[in-house]
Amino acid sequence: MPEAANAKPPIGVFDSGVGGLSILKALRAELPHENFIYVADSGFAPYGERDQGFVLARARAITRHLLKSPDLAIQALVVACNTATAAAIQLLRQDHPELPIIGVEPALKPAMTLSHTGRIGVMATRGTLNSQKFKTLLAGLAGGPAQFICQPCDGLADAIERHDTEQTTALCTQYAQALGRFGAQPGDIDTLVLGCTHYPFARETLQALVGPAVQLLDNGAPVARQTRRMLASFAPESAPGQCLLFSTGDPELLHNAAQRWLGLDVMVQGLRI
Ligand code: DGL
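Residues numbered from 1 in each chain as written. Predicted model: local features only at pLDDT ≥ 70, side-chain atom pairs only at ≥ 80, totals over all residues. Heavy atoms only, no water.

Colleague: How would you explain the sheet that holds strand E9 (residues 243-247) if you had to name every residue and give the values?
Modeller: Judged by pairing direction, the sheet is parallel, and its 6 strands sit side by side in the order E4-E3-E1-E2-E9-E10 without closing on themselves. What marks the edges here is a single partner per strand, and that holds for strand E4 (101-102) and strand E10 (268-270). Two strands pair when backbone bridges link them, and E9 and E10 are joined in this way by 3 bridges, in the parallel orientation. The residue bridging leucine 245 from the neighbouring strand is valine 268, located in E10. Across the sheet, helix H1 (residues 21-30) lies against strand E1 (11-15), strand E2 (36-40), strand E3 (76-79) and E9, angled at about 175° from E2, the strand it touches most. (Pairing = 2+ DSSP bridges. Helix = DSSP H or I, 4+ residues; strand = E, 2+ residues; numbered from the N terminus. Contact = heavy atoms within 4.5 Å. Axes fitted to C-alpha atoms, helices over the stretch in contact; angles between N-to-C directions.)

Colleague: Could you give an account of the environment of alanine 29, naming the residues involved and the relevant values?
Modeller: Its place among the elements puts alanine 29 in helix H1. Alanine 29 sits in the exposed class, given a relative accessible area of 61%. Along the backbone, alanine 29 and alanine 57 are 28 residues apart, and their C-alpha atoms lie at a distance of 31 Å. (Buried < 20%, exposed > 50% of the residue type's maximum accessible area, 1.4 Å probe, protein only.)

Colleague: So what about the pattern of salt bridges? Which residues, and what values?
Modeller: Summed over the entire model, instances satisfying the criterion amount to 10 salt bridges. Its salt-bridge partner being aspartate 154, residue arginine 126 comes within 3.0 Å of it at the nearest N-O pair. Of this pair, arginine 126 sits in helix H5 (residues 126-130) while aspartate 154 sits in the loop between strand E6 (147-152) and helix H7 (156-161), placing them 28 residues apart in sequence. Residue class for aspartate 154 comes out partly exposed when judged on its relative accessible area of 26%. Measuring nitrogen to oxygen at the nearest pair gives 2.6 Å for the salt bridge that ties aspartate 188 to arginine 181. The exposure class assigned to aspartate 188 is buried, which follows from its relative accessible area of 4%. (Salt bridge = Lys/Arg side-chain N within 4 Å of Asp/Glu carboxyl O.)

Colleague: Give me the pairing of E2: which residues, what numbers.
Modeller: Within a regular strand, the side chains alternate between the two sheet faces. Where burial is concerned, most of E2 is hidden: 5 out of the 5 residues are buried. Because side chains alternate across E2, one face comprises the buried residues Phe36, Tyr38 and Ala40, and the other comprises Ile37 and Val39, equally buried. Note that E1 and E2 share 5 bridges and pair parallel. Paired with phenylalanine 14 across the two strands is valine 39, which belongs to E2. Chirality of the crossover, the property in question, places the unit of E1, H1 and E2 among those that are right-handed. Bridge analysis of E2 against E9 gives 5 bridges, and the strand direction is parallel. (Right-handed = clockwise from strand over helix to strand, strands pointing away.)

Colleague: Describe the side chain of serine 22, and please don't skip the residues or the numbers.
Modeller: Inspection of the secondary structure assignment puts serine 22 in helix H1. Polar side-chain contacts of serine 22 include one of 2.9 Å to the backbone oxygen of glycine 19. Those residues in contact with serine 22 that sit more than four places away from it in its chain are Thr197, Pro200, Phe201 and Gly220. (Polar contact = N/O pair within 3.5 Å; in protein donor to acceptor, adjacent residues only side chain to side chain.)

Colleague: Tell me about empty space enclosed by the protein, and name the residues and values.
Modeller: Enumeration over the complete set of coordinates arrives at 3 cavities of 30 Å³ or more. Looking at the largest cavity, its volume works out to about 70 Å³. Class assignment for the residues of the lining of the largest cavity results in 5 nonpolar, 7 polar and 1 charged. (1 Å grid on protein atoms, 1.4 Å probe; cavity = no way out; pocket = protein on both sides within 12 Å on 5 of 7 lines; lining within 4 Å. Points joined across faces, edges and corners; volume = space filled by probe spheres on them. Nonpolar A, V, L, I, M, F, W, Y, C, P; charged D, E, K, R; others polar.)

Structural data, given as structure tokens:
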């Protein structure tokens, strides 16, 4: 890995765009000595309103790219996207049985243990909610104490991607209203699952809309812990890890988002895959 302070192979992380930075943030906190390569597939975003075949083809192309280059070759892969995890993780694992691959899925089970009212809102992309993987997860919890109210959030990841705060607020308002009443009283939704890695970057807006009594849940920290568990070895503790950022779309978008949300000022390289 060029310019890395240690020679340890990096961990690959990808998303349709800037959303996976919410996972990268947690990964860097959990594994500060590891090197990371982040790919934002912004040239092909959003994934959430595309068909599964398209998302699978993109996930395969990115994974192959991250494995093939001698100075990039990754030691593990984090699919930092709920939509791509749902569409592709099973086949990626079949394609690359030697590679530890960690995915992200909406935190339904943790939400169930946290909720007091038993009413849980789930915001995610249409692709995630329509996927077989999500339906299986939901079916496994049917008959339990919690009721899940699922809201597809068309356009929200795209608005966050473009840092369009006006559109982000308008869509958050629309989807929060569609979910129903929030609060801590019986019948209220008291827990909101952020089932898309872009949504933590709208956390403040959402929290203001649903009120302080509602818990918002994302998956950054659990995914980072799971990644740590799956690594075969760790980088030496003396050397700080480094991040390389790539984008298949506008490099400025990723650069600005990484600076804004992670305090990471790294030149973003363009990528054609
Ligand atoms: N960030 C992604 C997710 O977690 C997908 C957003 C999109 O491209 O629609 O699902």
